[in-house]
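Remarks on the overall topology
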Amino acid sequence: MADRDPVPLPAEVRAKLAELELELSEGDITQKGYEKKRSKLIGAFFPQTPGMDPSVGQERRTPVTPSSSSRYNRRRSSGSRDERYRSDVHTEAVQAALAKHKERKMAVPMPSKRRSLVVQTSMDAYTPPDTSSGSEGEGQGDGDEEEGGDGEEEDGGGGGGGTSSSREGSISMEHWISRAIHGTSSTTTTTSSTASSSSSSTRSGGSGAAAGRLADVLAQHVHISQHHLRRHHHHHHRHHKTENHSAPPDVTGYTNNAPNATAADGIQVERAPGASNAAQRQTPKYGNAELMETGDGVPVSSRVSAKIQQLVNTLKRPKRPPLREFFVDDFEELLEVQQPDPNQPKAEGAQMVAMRGEPLGVVTNGPPSLEAALQRWGTISPKAPCLTTMDTNGKPLYVLTYGKLWSRSVKVAFNLLHKLGTKQEPLVRPGDRVALVFPNNDPAAFVTAFYGCLLAEVVPVPIEVPLTRKDAGSQQIGFLLGSCGVTVALTSDACHKGLPKGPTGEIPQFKGWPKVLWFVMESKHLSKPPRDWFPQIKEANQDTAYIEYKTCKDGSVLGVTVMRIAMLTHCQALTQSCSYTEAETIVNVLDFKKDVGLWHAVLTSVMNMMHVISIPYALMKVNPLSWIQKVCQYKAKVACVKSRDMHWALVAHRDQRDVNLSSLCMLVVADGANPWSISSCDAFLNVFQTKGLKPEVICPCASSPEALTVAIRRPLEEGTTPPGRGVLSMQGLSHGVIRVDSEEKLSVLTLQDVGSVMPGGLMCAVRLEGVPLLCKTDEIGELCVCTVATGTSYYGLAGMTKNTFEVFPLADNGTPISEFPFTRSGLLGFIGPGGLIFVAGKMDGLMVVGGRRHNADDIVATALAVEPMKFVYRGRIAVFSITVLHDERIVVVAEQRPDSTEEDSFQWMSRVLQAIDSIHQVGVYCLALVPSNTLPKTPLGGIHLSETKQLFLEGALHPCNVLMCPHTCVTNLPKPRQKQPEIGPASVMVGNLVSGKRIAQASGRDLTQIEDNDQARKFLFLSEVLQWRAQTTPDHVLFTLLNSRGTTASSLTCVQLHKRAEKIAAMLAERGHLQDGDHVALVYPPGIDLIAAFYGCLYAGCVPITVRPPHPQNIATTLPTVKMIVEVSRSVCVMTSQVISKLLRSKEALAAVDVRTWPPVMDTDDLPKKKPPLLYKPSDPDTLAYLDFSVSTTGMLAGVKMSHTATSAFCRSIKLQCELYPSREVAICLDPYCGLGFVLWCLCSVYSGHQSILIPPSELEVNPSLWLSAVSQHKVRDTFCSYSVMELCTKGLGLQTDALKARGVDLSRVRTCVVVAEERPRIALTQSFSKLFKDLGLHPRAVSTSFGCRVNLAICLQPHRLGKLADQGTSGPDPTTVFVDMRALRHDRVRLVERGSPHSLPLMESGKILPGVRIIIANPETKGPMGESHLGEIWVHSGHNASGYFTVYGDEALQSDHFNSRLSFGDTQTIWARTGYLGFLRRTELTDASGERHDALYVVGALEEAMELRGMRYHPIDIETSVIRTHKSITECAVFTWTNLLVVVVELDGSEQEALDLVPLVTNVVLEEHYLIVGVVVVVDIGVIPINSRGEKQRMHLRDGFLADQLDPIYVAYNM
């Protein structure tokens, strides 16, 4: 091989290089150290050829065999220990594909991570870069570094063969690749959670800003790591020799062996920073944010808003062509379905002909069964060696002769049948199944046990050794054992000792396993059979010989049964194909318990009296060359390996002189059907051809558990033509057709044949879907074989057996091609020219995305070809698909090396996406990186795929990086909705019908009709009512305030309240010199002072505004709101308590607001002793009584004006609805600052005379049971609370109901428990509250909700009357729940569905409409009335409507629209107020007390909160409910939109490691249930989502906080 090189390297240099490569691949040396040492080695050698231009040398070289030896160096360096290697052909394709992406700049916004998350995975966070040994290297001058970079082609196996085309070509290639992916600049991390990169600019030695700019220019070049950054900074002035390579490399002339540079070549030639203006000009711009530097060298563009802009710009790129057809999902919801593209390739060949193998030769003296063969060799040549076992040092540990094997197997058979159980009741009978549990380093014990079982006619089921109670997949193995009825497990002494033990020393029952008896097989534990006992040796028959387990795609384990005759015939077919003869030596590296290892090294070997040298997995780990050494040592004729063993051998090969492989006649490559084994075979041949390896010796084979050996390449006679290759188009393969690729050179798959059909077999390929029709000659199908030598069934599964083992392939005319059944092999492929079999993939790895088929292995290979040596840990990549929204979506999970930085991983991810997109034309839905060694392993160390998928779907994978690409992948979303014109004035209105439906209107009882002895009615003003009560019932207690211990803190009688109010009025007049109508802000904690101050203001003629006091622990955020309300309401003075008045002037307050601009602050703790001269009486009842200020959920501060008339009407309406009299007690646990809460707390008692028991909600944080205990203790019948109170009780008292019951808490007297709210009823919360406290006597019908809004503080309020009272007066029916279709709701339609139907959403009515209130449902756009059960805006007409907004700006248009609207047709006279909420009315079958049918009002959500996405209206709460259900760690969720992107914020209750698990789950559920693509997923700590006093989420505050980078998120994922 060396003679092909222009300059052969000396052998010792090559050996040293090989050692370096090994160190790097094992991770013992860093990439940087590797490059430095390597450049020294080669640098010392290269100057011998001064005059040589590298490009000329390349041209002169003759192309060598299809994969030139040098190409091997890249595969070597990957250090991949997995079974799949990237083919180098493939690597070049990937690099070229990435280069093609130069036009489409993909700016992928990097996710933001909290520092604590970064540290876990990135060494850089705690390894300062300057400590690496780079410093000596710097004096060597740049030329040396460059030479080192270019010399990267040299390879340990014997000099470099041409990998890199001229240096110029490789540089320009790098340059283009880097241009394509400049989006992942090394400095784009967020300011709040700076990842290690942001400090890189300051570490680089020079001034921060310059280094930052440099970093930005370098960031375009792909693999600048932080180590390089420093080096370039020191001598970037030397770089301007490099010319400006802008021409893209020519990849059109690409052939199998085109010498092309790869990213792994690591050439570090960067454009000279600062040398040319061009480099400066190229600084990438992210979205619309220029990369300006801030002082600390962090680019401004790391801000969230800039990232979102960048994401939006990226998403504007055109997608794949739109699809045309649809399928209907339930009803009008149209999901696009992939239609076949008319131009897609179709199979055009003739129908294939089934291929026959050569006839199976009849051996005259062949053994009638394997046991007979064993008996024969054990008696004729007992000294012949059967098996030699190696220890981990490669020394022979043990030689098992045929004599010993025979005698021991007989002993085992005897003990199995006669020594287990009792004579009358043996535990094992012939035909029973027993488990064989042996480790991989003990083949002798396994073989003995296996043949012992055959002799006893017991069926062995070989399985892996369970290492822990929770091995990946061990549960499924347990199910298999259980279904096979296994009760005995055979094992060896050493293995038995190593099994996990319980505390008393017994072996625990493994998860999912049946109870088994462990039976140790060592001779010393067995009794000798009597002289006259011999096993009965029969001819091979139809009985089951053994069961081989097989793990399916979904993780389930099946047992494939193999009959004795099939086992024998298979051995004969192998003997014939491989020309096995007696006493040959065979070296086996494979697992001897199943598959090729079992067939060659346990069964066929014994049949032919061969000698097996068994190499355990542990030895291969220590010495990958061991198998080659054993082949030489024993002059073995056959070796059974996998391509990974060839690969490891190459990595470890150090030019051993004593290697001679000329004895090998056959090198069986067990996974030769894997599309990626071809490169291992080629590279292995290239290196070892000089060591006597003959090319025709390499024999790939294809096999499966069901069909056993499907095909194997025969060892050819020397000098015959080498076997064929297929270079197939990936595009064609994805459509299931075979196209030899011609023009599109990038996406090809090179296949080697796996020989021809087995002797005595018949093979064909059938279509993958539907009936098993024969394929056409140019079509890929599933290979099926018809022969005796296959499995017969899946144990115990008749249905699956029929589909797999009893297939009758049909010709085009529908007739079966054979009367014998075929067995499906699970392999995809075709029969090529000359009867050669080609395998293109496995059924298990098949993913059908958008109607095209992709193979998981192919995608793994593409991902590995993207700079693997830097990145993927030991090549461990898992690819699988999950079903989201009616299509499969591809997920790629890779383990990253422990030392990779955030930028590395992000860069790698974006390149993988591009590579897979280019080569396979398919989008990756999710790309996840996990820390090294964390994916679940199979027993031999591969990745356990189904377990990985399970973890991914459960949110338990704990990735350290995730990139979701739903925007690019999901192309079957429903079409955006076009709005239809709604019913307008032209539609027919007849009476109360609008287009055939009853108009949606309803009203509470008419106030004028009600006759009651309401004394308070004769007063126009509340202040008069109070004076009247103070005279008539002076000592009647109106208010009782409870403290956190549940005892009375203070109380007020009518006269006490009156007197305190008088004193406050006097103080206002005296100290404040206030005029009539002045506004006064009342800043009090919830309590009695607030009530007194309110009536004091009314007595003085002032207008009170109640304001929540600032929170002493959180002044910075709460005080500005107080200040704003005081200013906006134009308050001329502030009344408060002493404590708060000090707080308003404190140091902390000074920091939050400008304290000097407060109006005068008066504290009411010491009041003047005198009364005012005369109490104020308003002249006109329509003047202002008070102002009600509240912050809406969208973050708007809105104050409404309540007149005296409206206030009195409101109190009267509530009194009638709730039947309030002076003798009643009502418990109120609400915030008393706005809305219905304030009215119930301060006003209702004065009007109706009942006693209010006041419970400040803040006290519940100290004592959650306070409210319910008070309700029980005071025997209260009516109570009011908020959702936050209800939630506190549900969460805080969930486990304490028994304790409360023991303390005597009894809620059986409660008739009404009303939740005061301004939102859709939270049905889940009210139901769980009812269920939880049912044990304490709470009646389930007692809980109901109210509904109010800004324009009318209470529209509905539903007190239920239970028991005897139901027939008196105003009882309302139960609240009714309906289920509506969530998808119709998005289209503003109401469609009622059954409970539990898909997409159903439960809605609970919002309570009974208050007396004097009329409601109509109107179209918010056209203002026309809506029909019943139609969704529209709720409009209200009532005496207690607020009279308008109170604003400083006087926005009159909004005012008239919200408070004085008229319908556009129908009743155009009535003046309505618009609530701003969507809802619908539905007439129920229930009747109320007056015999009227009850109209139920259902509130769906606020118009201003609703999000318009894809032309549909979404209510945030629906999406949030879905998200909260996806994972146990999501405690709260809020969604909002920003620039048409949906942003989902979730609060994580768990370790930060779980944060990234949530990203795919959230994306999936929103796609599945709402047909929306999530743009950004933000994971935050508990309590970050702001909630107002009513317990409503403040989504707009959250949005502002997010965009201003104030949330300190744990993780922010930007979905592509």
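Before any of the text, the structure's been laid out above.
Computed from a predicted model, the values in this text were never measured in an experiment. (Residues numbered from 1 in each chain as written. Predicted model: local features only at pLDDT ≥ 70, side-chain atom pairs only at ≥ 80, totals over all residues. Heavy atoms only, no water.)

1. A word on the overall build of the chain
Within the chain, the secondary structure is distributed over 48 helices and 62 strands. The proportion of buried residues among the 1616 residues of the chain is 62%. Approximately 60000 Å² of the chain is accessible, and the part contributed by carbon and sulfur atoms is 54%. (Helix = DSSP H or I, 4+ residues; strand = E, 2+ residues; numbered from the N terminus. Buried < 20%, exposed > 50% of the residue type's maximum accessible area, 1.4 Å probe, protein only. Areas by Shrake-Rupley, 256 points an atom, 1.4 Å probe, with all protein chains shown as cover.)

2. Things to note about the pairing of strand E48 (residues 1312-1315)
Burial along E48 is two-sided: the face carrying Thr1312 and Val1314 and the face carrying Cys1313 and Val1315 are both buried. Here 4 bridges tie strand E47 (residues 1278-1281) to E48, and the two strands are oriented parallel to one another. Residue pairing for E48: Asp1278 is matched across the bridge by Thr1312. Remark: the E48/helix H43 (residues 1323-1332)/strand E49 (residues 1343-1347) crossover connection has right-handed handedness. (Pairing = 2+ DSSP bridges. Right-handed = clockwise from strand over helix to strand, strands pointing away.)

3. Regarding the packing of aromatic side chains
Any two aromatic rings considered together are summarised by their centre-to-centre distance and by the angle between their planes. Counted according to the given criterion, the structure contains 26 aromatic pairs. A ring pair is formed by Phe1347 and Tyr1477, whose centres lie 5.1 Å apart and whose planes are at 85°; its orientation type is edge-to-face. You can see Phe1347 sitting in strand E49 and its partner Tyr1477 sitting in strand E55 (residues 1473-1487), a full 130 residues away along the chain. Comparing Phe1347 with Tyr1477, the two get one shared label, buried. (Phe/Tyr/Trp six-rings, centres within 6.5 Å; stacked < 30°, edge-to-face > 60°.)

4. Some points on the sheet that holds strand E45 (residues 1225-1229)
Pairing is mixed in the open sheet, where 8 strands are placed in the order E38-E37-E46-E45-E47-E48-E49-E50. Both edges of this open sheet fall to strand E38 (1048-1053) and strand E50 (1356-1357), since each of them pairs with a single strand only. Each of strand E37 (1037-1042), E45, strand E46 (1251-1254), E47, E49 and E50 touches helix H38 (residues 1235-1248); the most contacted strand, E37, lies at about 140° to it. (Contact = heavy atoms within 4.5 Å. Axes fitted to C-alpha atoms, helices over the stretch in contact; angles between N-to-C directions.)

5. Considering the sheet that holds strand E12 (residues 557-563)
The strand order E11-E12-E24 describes an open sheet built from 3 strands, whose pairing is antiparallel. Because the sheet does not close on itself, it has two edges, and the strands there are strand E11 (544-551) and strand E24 (793-794). Sheet topology note: the E11/E12 ladder contains 7 bridges and is antiparallel. Each residue of the ladder has a partner; that of Glu548, found in E12, is Val560. Helix H19 (residues 564-578) rests against E11 and E12 of the sheet, and its axis sits at about 75° to E12.

6. Thoughts on the pattern of salt bridges
If you walk through the whole model with that rule in mind, you get 52 salt bridges. Here Glu464 ties to Lys593 by a salt bridge, and the two come within 3.5 Å at their closest N and O atoms. Of this pair, Glu464 sits in the loop between strand E8 (459-463) and helix H17 (474-484) while Lys593 sits in the loop between strand E13 (585-588) and helix H20 (595-607), placing them 129 residues apart in sequence. What makes Glu464 buried here is its relative accessible area of 11%. One salt bridge connects Asp1231 with Arg1108, and the closest N-O pair in it is separated by 3.2 Å. (Salt bridge = Lys/Arg side-chain N within 4 Å of Asp/Glu carboxyl O.)

7. Section: the packing of helix H14 (residues 370-380) against H20
For any two helices packed against each other, one specifies the crossing angle of their axes together with the interaxial distance. Contact geometry for H14 and H20: axes closest at 8 Å, N-to-C directions at 65°. Our pair here, H14 against H20, has a crossing hand that is left-handed. Residue-level inspection shows Leu370, Ala373, Leu374 and Trp377 of H14 in contact with H20, the latter providing Leu603, Val606 and Met607. Considered class by class, the residues forming the contact of H14 with H20 number 7 nonpolar, no polar and no charged. (Left-handed = near helix turned anticlockwise from the far one by under 90°. Nonpolar A, V, L, I, M, F, W, Y, C, P; charged D, E, K, R; others polar.)

8. Some words on the pairing of strand E23 (residues 781-786)
Counting buried residues along E23, 6 of its 6 residues qualify, which places the element largely inside the surrounding structure. Looking at chain direction, strand E22 (residues 762-766) and E23 are connected through 5 bridges and run antiparallel. Counted as the bridge partner of Leu762 is Cys786 from E23. Relative to strand E25 (residues 823-831), E23 runs antiparallel, the two being bridged by 4 bridges. Bridge pairing in E25 places Val785 opposite Thr823.

9. With respect to helix H47 (residues 1558-1570)
Residues three or four positions apart in an α-helix share a direction because the helix packs 3.6 residues into each turn. Helix length check: H47 (13 residues) gives 17 Å between terminal C-alpha atoms against 18 Å at 1.5 Å per residue, within 8%. With 11 of 13 residues buried, H47 lies mostly within the body of the structure. All of the buried residues along H47 are Leu1558, Val1559, Pro1560, Leu1561, Val1562, Thr1563, Asn1564, Val1565, Val1566, Leu1567 and His1570. Of the residues flanking the end of H47, it is Tyr1571, one or two places downstream, whose phi is positive at about 55°. (Expected span 1.5 Å × (residues − 1).)

10. Here we look at the environment of Ile1530
For Ile1530, the position within the fold is in strand E59 (residues 1530-1538). Put simply, Ile1530 and Asp1549 are 19 residues apart on the chain and 6.2 Å apart in space, counted from C-alpha to C-alpha. The residues contacting Ile1530, other than those within four sequence positions of it, are Val1523, Ile1524, Val1546, Glu1547, Leu1558 and Val1562.

11. Observations regarding the side chain of Ser1282
Relative to the helices and strands, Ser1282 is located in the loop between E47 and helix H41 (1283-1293). Of note is the side chain of Ser1282, whose polar atom sits 3.2 Å from the side chain of Ser1284. Filtering out sequence-adjacent residues up to four positions away, Ser1282 remains in contact with Cys1229, Leu1230, Val1315 and Val1316. (Polar contact = N/O pair within 3.5 Å; in protein donor to acceptor, adjacent residues only side chain to side chain.)

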